[in-house]
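Observations on the model geometry
The primary structure of each chain is shown beneath.
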Amino acid sequence: MHLPDFQGLKLSSVPLSQFTTWHIGGPADWFVEPQSLRDLEILINSLRDQNISWFLLGNGSNILFSDSGFRGVIIHLGDGFHNIQFTDSIVIAGAGAQLNLLTKLAADKGFTGIEGLAGIPGTIGGAAFTNAGAYDQSFLSRCIEIQGLCEKKGFKTITDIRPGYRSGGFPDDFIITGLHLSLTPGDSDRIHQLMNQYLERRRSTQPLSKASAGCTFKNPDNSGAGRLIDELGFKGFKNGRAMISEKHANFVINSGGASASEIIKLIGHVRSKVSETCGVELELEVLIIDENGNRIDPEGTIR
Ligand code: EPU
C-alpha cells in the first residue's frame, strides 16, 4: 500500500481501541487525518485507484471494530474540518467538529432545535450520517445542506435530505465534510435550562460513565428495545467481560478488557432471545465492522 502525499497525521499499526468509546478493536494498518478538502480528495482518489479499503471514523461512539482490526486506512477528519460559524440562525459547520460544542454554542447564542441532542458523544458528521436523535429532536431535521465527497462521484452537495430513524440515507462511500443547519431563535437562558434537564434525564437513565456505544439496537415499531431486553431479565447479564448494563438494558458495557467477539456474542444472544420470546427482530443501531471494512451482523453475515 502506498499512501499519497498530503498534509496531516499518518500513523501505522494503530490499535482502534484508542479511538472507540467501547475501547475495543485491533490494529488498523493506517490511521490518517487529512487537514483539508484537497488532502481528503487526494487520499480518497489514491485509495480508490489502489483498491484499498477505507473507513471514515468520527468519535467512534457507535461502532465496534473487530479484534483483528482493519486492513486498510481509517480516516479521521483533521482540524480543517472543525469550524462552526453562526450567521444569525444559520450554522455552517465542519463534519469533524463536536456535536456537544455545537449544542452549547447554539444555547449560548439563543438558538433552539438541537438542545435535546446535548450529551451525544459524536461528531457533527457522525450525527448527520446516522441522524442522531434524542428527546423528539433529530439532527437532520435541522440540516438544510450537506456537503461531502463520494468515492465514485467526487464532491457533492445534497439539499434534498431524506432522513429516517437513525439513518441519513447516504451511500456508504459518501464522506460528509460539512453542513448547514437552520435553527430557531429563542431565549438563551430557557434553552440552557431545557438542555440541562435533558442532560440530567440522560445521566439518570443511561450508564454514561461506562464504556459503551450508546443504544445497541434501534427501537422496534411501537416498542422499546431497552424495555424488551429488561423484561427478559438481562440487566447485568455477562458474556466474559461484556455486560448488559444494569442501568439501561439497551446498553452493552465493556466492563474492562472485553473483546469484540465477547460483545458480538452477547448481542447475538440477546437478539435471538428477544426474537424467540417476543417475536421481535431487533435491528442493530451500532455498526459492527469486520477487518475488511464490511458491515456485519452478530452472526458474521455481511449486510
Ligand atoms: N426502559 C426499561 N428498561 C430499560 C431501559 C428503558 O424499561 O432498561 C423503559 C423506560 O423506563 C422508558 C422506555 O423504556 O419507559 C424508554 O426508555 P428511554 O427513555 O431510556 O429511551 P429509549 O427508547 O431506551 C431512546 C434512544 C436513545 C435516546 C433516548 C432519549 C433509541 C434506540 N434510543 O432510548 O438514544 O437517548 O431515547 O431520547 O432510539 C442512542 O441512539 O444511542 C441512544 C441512546
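Relevant structure appears above.
1. Observations regarding the overall build of the protein chain
Along the backbone of the protein chain there are 6 helices and 18 strands. Taking 19 Å as the expected radius of gyration for a compact globule of 303 residues, we find that the protein chain reaches 19 Å, a close match to that expectation. Principal axes of the C-alpha set define a box for the protein chain whose edges measure 55 × 50 × 30 Å. When the 303 residues of the protein chain are sorted by exposure, 50% land in the buried category. Pairs at least 24 residues apart make up 64% of the contacts formed inside the protein chain by residues separated by at least 6 positions.

2. Observations concerning the pairing of strand S11 (residues 143–150)
Here S11 pairs with strand S13 (residues 174–182) via 7 bridges, running antiparallel. Note on S13: the bridge partner recorded for Cys150 is Phe174. With 5 bridges joining them, S11 and strand S12 (residues 154–158) adopt antiparallel strand pairing. By the bridge assignment for S12, Cys150 is matched with Gly154. Connecting S11 to the antiparallel partner S12 that follows it, the hairpin turn spans 3 residues.

3. Focus: the environment of Leu47
Mapped onto the fold, Leu47 is located in helix H1 (residues 37–50). Its relative accessible area of 0% is what places Leu47 among the buried residues. Remark: the alpha-carbon pair of Leu47 and Glu151, spanning 104 residues in sequence, is separated by 9.2 Å. Other than its neighbours up to four places away in sequence, Leu47 contacts Leu3, Ile52, Trp54, Val73 and Ile75.

4. What to know about the sheet that holds strand S6 (residues 84–87)
Spatially, the 5 strands line up as an open sheet ordered S6-S7-S13-S11-S12, and their pairing is antiparallel. Unpaired on one side and paired on the other, S6 and S12 mark the two borders of the sheet. Averaged over neighbouring strand pairs, the angle between their axes works out to 15° when direction is ignored. Taken together, the 5 bridges between strand S7 (residues 90–94) and S13 define a ladder with antiparallel strand orientation. In the strand pairing of S13, Ala93 is matched with Leu179.

5. Some thoughts on the sheet that holds strand S2 (residues 27–34)
One open sheet holds the 4 strands; their spatial order is S1-S2-S5-S3, and the pairing between them is mixed. The outermost strands of the open sheet, each flanked by one partner alone, are strand S1 (8–15) and strand S3 (54–56). Each strand axis lies, on average, 25° off the axis of its neighbour in the sheet, ignoring direction. Summarising the sheet, S3 and strand S5 (residues 70–75) pair through 3 bridges and their orientation is parallel.

6. Re the nonpolar core
If you look at the biggest cluster of nonpolar residues, it comprises 46 residues, and the most contacted ones within it are Ile75, Leu102, Phe139, Ile146 and Leu179. Counting only elements with at least two residues in this core, the list comes to H1, S5, S6, S7, helix H2 (99–109), helix H3 (124–129), S11 and S13. It is S13 that contributes the most residues to this core, 5 residues altogether. When residues no more than four places from it in sequence are discounted, the contact partners of Phe139 are Leu99, Leu102, Leu117, Ile124, Ala127, Ala128, Asn131, Ala132, Leu179 and Leu181. Counting 26 residues, the second-largest nonpolar core is a separate cluster that includes Ala242, Ile263, Leu266 and Val270.

7. What to know about the side chain of Asp173
For Asp173, the position within the fold is in the loop between S12 and S13. In contact with Asp173, not counting residues within four places along its chain, are Trp54, Leu149, Cys150, Glu151 and Lys152.

8. Comments concerning the site of the ligand
Taken together, 19 residues are adjacent to the ligand, and Tyr135, Tyr165, Asn219, Ala249 and Glu285 come closest. Within the side chain of Arg166, a nitrogen or oxygen atom sits 3.1 Å from an oxygen atom of the ligand. Residue Asn219 places a side-chain N or O atom 2.8 Å away from an oxygen atom belonging to the ligand. When the free accessible area of the ligand is taken as 830 Å², the share hidden by the protein chains comes to 72%. A total of 3 residues in the shell around the ligand trace back to one element, the largest contributor, which is helix H5 (residues 225–231).

9. Some thoughts on helix H4 (residues 188–205)
Taking 1.5 Å as the rise per residue, H4 with 18 residues should run 26 Å; its terminal C-alpha atoms sit 26 Å apart, in good agreement. Taken together, the buried positions of H4 are Ser188, Ile191, Leu194, Met195, Tyr198, Leu199 and Arg202. End-on view of H4: buried residues confined to an arc of 140°, all on one side of the axis.

10. Here we look at the pairing of S7
Two strands pair when backbone bridges link them, and S6 and S7 are joined in this way by 4 bridges, in the antiparallel orientation. Residue pairing in the sheet places Gln85 in a bridge with Ile92 of S7.

What counts and what doesn't
- Residues numbered from 1 in each chain as written.
- Predicted model: local features only at pLDDT ≥ 70, side-chain atom pairs only at ≥ 80, totals over all residues.
- Heavy atoms only, no water.
- Helix = DSSP H or I, 4+ residues; strand = E, 2+ residues; numbered from the N terminus.
- Rg over C-alpha atoms; globule rule 2.2 N^0.38 Å.
- Buried < 20%, exposed > 50% of the residue type's maximum accessible area, 1.4 Å probe, protein only.
- Contact = heavy atoms within 4.5 Å.
- Pairing = 2+ DSSP bridges.
- Axes fitted to C-alpha atoms, helices over the stretch in contact; angles between N-to-C directions.
- Core = buried A, V, L, I, M, F, W, Y, C linked by side-chain atoms within 4.5 Å.
- Near = heavy atom within 4 Å.
- Polar contact = N/O pair within 3.5 Å; in protein donor to acceptor, adjacent residues only side chain to side chain.
- Areas by Shrake-Rupley, 256 points an atom, 1.4 Å probe, with all protein chains shown as cover.
- Expected span 1.5 Å × (residues − 1).
- Arc of directions from axis to C-beta.

Remember, this is a structural readout, not a statement about activity or role.
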